[in-house]
Amino acid sequence: MACGCSIFNFCRSFAIYLPIFLSIFYVLDKNILPKLYIFDPVKLQELSQQSIELYGGENGNTTLLFEDLTGRLQKEYGKKYVADLNHEEWVFNNAGGAMGSMVILHASISEYLIIFGTPLGTEGHTGIHMAEDFFTILTGEQRSVLPHQVEPMVFKAGDQNHMKRGDGNQYVLKGYALELAQGWIPSMLPFGFLDTFTSTLDWGNLWKTVYYTAKHMIGQMLVGKF
Ligand SMILES: *[C@@H]1O[C@H](CO)[C@@H](O)[C@H](O)[C@H]1NC(C)=O
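None of these values were measured; they are calculated from a predicted model.

## A few points about the overall build of the protein
Tallying secondary structure elements over the protein gives six helices and seven strands in all. Written out in order from the N terminus, the α and β elements of the protein read α-α-α-β-β-β-β-β-β-β-α-α-α. As displayed, the protein offers around 12,400 Å² of accessible surface, 62% of which is attributable to carbon and sulfur atoms. Across the protein, the centroid of the 16 positively charged side chains sits 7 Å from that of the 22 negatively charged ones.

## As for unusual backbone geometry
For L201, which is not glycine, the phi dihedral falls at a positive 55°. For L201, the position within the fold is in the loop between α5 (195-200) and α6 (203-222).

## Points about the domain arrangement of the protein
Assigned domains of the protein: these are domain 1 (1-36) and domain 2 (39-222). The centre of domain 1, based on its C-alpha atoms, is set 34 Å off from the matching centre of domain 2. With five residues of domain 1 at the contact, the number on the domain 2 side is six residues. When the two sides are added together, the surface that domain 1 and domain 2 hide from each other amounts to roughly 480 Å², 70% of it contributed by carbon and sulfur. Contact with domain 2 buries surface across domain 1, with F25, L33 and L36 losing the most and accounting together for 75% of the total. Linking domain 1 to domain 2 there are one salt bridge. Here D29 and R165 are joined by a salt bridge, their closest N and O atoms 3.0 Å apart. Summed over the shared surface of domain 1 and domain 2, the result is two residue pairs in polar contact (both at pLDDT 80 or more).

## Observations concerning the pattern of salt bridges
One pass over the structure, following the stated rule, counts 10 salt bridges. The closest approach of N and O atoms between E141 and K156, which form a salt bridge, is 2.6 Å. Separated by 15 residues along the polypeptide, E141 in strand β4 (residues 131-145) and K156 in strand β5 (residues 153-156) bring together distant segments of the chain. Taking the relative accessible area as the measure of exposure, E141 reaches 22% and is therefore partly exposed. Several salt bridges share partner residues, and in doing so they unite D29, K30 and R165 into one network.

## Describing the side chain of S108
Of note, S108 is situated in the loop between β2 (98-107) and β3 (111-125). Ignoring sequence-local partners within four residues, the contact set of S108 consists of I185, M217, Q220, K225 and F226.

## A word on the UniProt feature "transmembrane region" (unreviewed entry) in the protein
UniProt's entry tags residues 6-28 with the feature "transmembrane region" (unreviewed entry), counted in the numbering of this structure. Here residues 6-28 is 100% helix and 0% strand, with 31 Å between the C-alpha atoms at its ends.

## Describing the pairing of strand β7 (residues 170-183)
Among the 14 residues in β7, 11 count as buried, and that is most of the element. Judged from the 12 bridges that link them, β3 and β7 form a sheet pairing that is antiparallel. Residue Y112 lies in a different strand from β7, and its bridge partner there is A181. When β4 meets β7, the two strands line up antiparallel, connected through 14 bridges. When the sheet's bridge partners are listed, S144 is paired in β7 with Y171.

Criteria and thresholds
- Residues numbered from 1 in each chain as written.
- Predicted model: local features only at pLDDT ≥ 70, side-chain atom pairs only at ≥ 80, totals over all residues.
- Heavy atoms only, no water.
- Helix = DSSP H or I, 4+ residues; strand = E, 2+ residues; numbered from the N terminus.
- Areas by Shrake-Rupley, 256 points an atom, 1.4 Å probe, with all protein chains shown as cover.
- Lys, Arg positive; Asp, Glu negative; His and termini not counted.
- Charge placed at Lys NZ, Arg CZ, Asp CG, Glu CD.
- Domains from an automatic or database assignment.
- Contact = heavy atoms within 4.5 Å.
- Buried area = accessible area lost by both parts, 1.4 Å probe.
- Salt bridge = Lys/Arg side-chain N within 4 Å of Asp/Glu carboxyl O.
- Polar contact = N/O pair within 3.5 Å; in protein donor to acceptor, adjacent residues only side chain to side chain.
- Buried < 20%, exposed > 50% of the residue type's maximum accessible area, 1.4 Å probe, protein only.
- UniProt positions renumbered as here; feature names shortened; annotations may be inferred.
- Pairing = 2+ DSSP bridges.

Structure, rendered in structure tokens:
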């Protein structure tokens with residue numbers, strides 16, 4: 001009896017609070033979140049293309065390309081929002097069956113900007129995220145497909161692959177990309193972390209990933225960027 005009663009109470013509270021939570025979420029999602037964005041995907045592609053022009057291609061130098069691009073991003077958005085490219089902060093990322101390396105240039109509640117990729121090549125599921133994803137190829141190539149597509153979409157250096165919120169692709173990547181995500185960034189983190197528990201058991205790498213993510217996010221909060 002007591003048990004049935006508390007289930008009833010729980011259901012009643014749920015029925016009352018769920019619409020309230022959903023309304024709050026709707027307002028945050030539609031009206032507040034987009035106002036927090038500072039990065040412009042078109043501008044990011046433009047700056048990427050300028051760095052590729054100088055340091056991309058066969059005789060290019062990927063290290064110099066990354067450094068040049070970071071400099072351009074800092075000039076455009078300010079060092080307050082774009083961190084120096086710290087080569088100590090590269091970490092592996094295993095997610096959706098794919099493996100690559102990443103380094104964080106910006107992370108906040110509403111956006112992240114990272115360099116992600118691998119010179120070896122990898123393949124997997126992008127994950128389904130509550131964020132828009134803009135993937136600007138810097139070196140090499142990405143191919144991706146939706147389930148019904150029998151011909152892949154192909155993206156080469158300078159191209160930008162915009163994956164809409166809620167979409168998931170199968171992808172192959174050999175090379176590096178500048179990745180901008182805009183949306184509910186904390187909701188994306190489990191996808192980036194969970195393979196450690198089910199597959200890699202690379203705890204040192206997990207610790208570094210969590211540490212750098214927290215460091216960048218808290219740093220942004222301190223300058224008023226959420
Ligand atoms: C690229 O540039 C860096 C920094 O100047 C240098 O250390 C590295 O050897 C260069 N790599 C290639 C492949 O030329």
